[in-house]
Amino acid sequence: MEKEARSMRIRGFLNSIESSDEPFTELSVELRALWWAKKGAWEKAHDLAQEAGTKEGDWVHAYLHRVEGDLSNASYWYARAGKPVSSIELSKEWNEIVRALFDL
């Protein structure tokens with residue numbers, strides 16, 4: 001049942017990207033950053049990731065610098081997050097981070 005509930009929460013998150021102008025307020029700051037990233041609002045996403053002050057926020061921050069194409073800055077943030085530098089397709093990494101954040 002827990003896995004099913006997690007899947008429903010993720011589906012609701014994904015649907016909100018298509019149907020809403022703002023992320024749900026109950027989402028973590030890291031998920032709100034990813035929400036804005038998917039909407040194409042890099043600056044908003046970056047500001048949120050930077051303010052998070054968590055390892056998860058650092059991971060999102062690293063991802064965002066990969067999106068931007070600033071790989072040296074991304075490497076710094078991956079190290080802060082305790083994650084290896086990612087080289088997978090950006091959309092796959094976005095999905096990976098979303099799944100990890102919903103598992104917290």
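Up top is the structure these notes are about.
Owing to the predicted nature of the structure, the values given are computational and were not obtained by experimental measurement.

### Details of the nonpolar core
Now for step 1: Ranked by internal contacts, the top residues of the largest apolar core, which has 28 residues, are Phe13, Leu34, Val60 and Val98.
Now for step 2: Those elements that provide at least two residues to this core are α1 (2-19), α2 (29-39), α3 (42-52), α4 (55-68), α5 (71-81) and α6 (90-102).
Now for step 3: For this core, the leading source of residues is α2, giving 6 residues.
Now for step 4: Discounting chain neighbours no more than four positions away, the residues touching Val60 are Glu30, Ala33, Leu34, Ala49, Ile97 and Leu101.

### Description of the packing of aromatic side chains
Now for step 1: According to the stated counting rule, one finds 4 aromatic pairs in the structure shown.
Now for step 2: Pairwise contacts between aromatic rings join Phe13, Trp94 and Phe102 into one cluster.
Now for step 3: The cationic tip of Lys83 hangs over the ring face of Trp59; the distance from NZ or CZ to the ring centre is 4.2 Å.

### Regarding the packing of α1 against α6
Now for step 1: One way to put it is that α1 packs onto α6 with a least axis distance of 10 Å and a crossing angle of 130°. The orientation of α1 with respect to α6, classified from their angle, is oblique. Crossing handedness for the pair α1 and α6: right-handed. Packed against α1, whose contacting residues are Arg6, Arg9, Ile10, Phe13, Leu14 and Ile17, the element α6 presents Trp94, Val98, Arg99 and Phe102 at the interface.
Now for step 2: Of the residues belonging to the contact of α1 with α6, the class tally is 7 nonpolar, no polar and 3 charged.

What counts, and where the lines are drawn
- Residues numbered from 1 in each chain as written.
- Predicted model: local features only at pLDDT ≥ 70, side-chain atom pairs only at ≥ 80, totals over all residues.
- Heavy atoms only, no water.
- Core = buried A, V, L, I, M, F, W, Y, C linked by side-chain atoms within 4.5 Å.
- Buried < 20%, exposed > 50% of the residue type's maximum accessible area, 1.4 Å probe, protein only.
- Helix = DSSP H or I, 4+ residues; strand = E, 2+ residues; numbered from the N terminus.
- Contact = heavy atoms within 4.5 Å.
- Phe/Tyr/Trp six-rings, centres within 6.5 Å; stacked < 30°, edge-to-face > 60°.
- Lys NZ or Arg CZ within 6 Å of the ring centre and 35° of its normal.
- Axes fitted to C-alpha atoms, helices over the stretch in contact; angles between N-to-C directions.
- Parallel < 35°, antiparallel > 145°, perpendicular 65-115°, else oblique.
- Left-handed = near helix turned anticlockwise from the far one by under 90°.
- Nonpolar A, V, L, I, M, F, W, Y, C, P; charged D, E, K, R; others polar.

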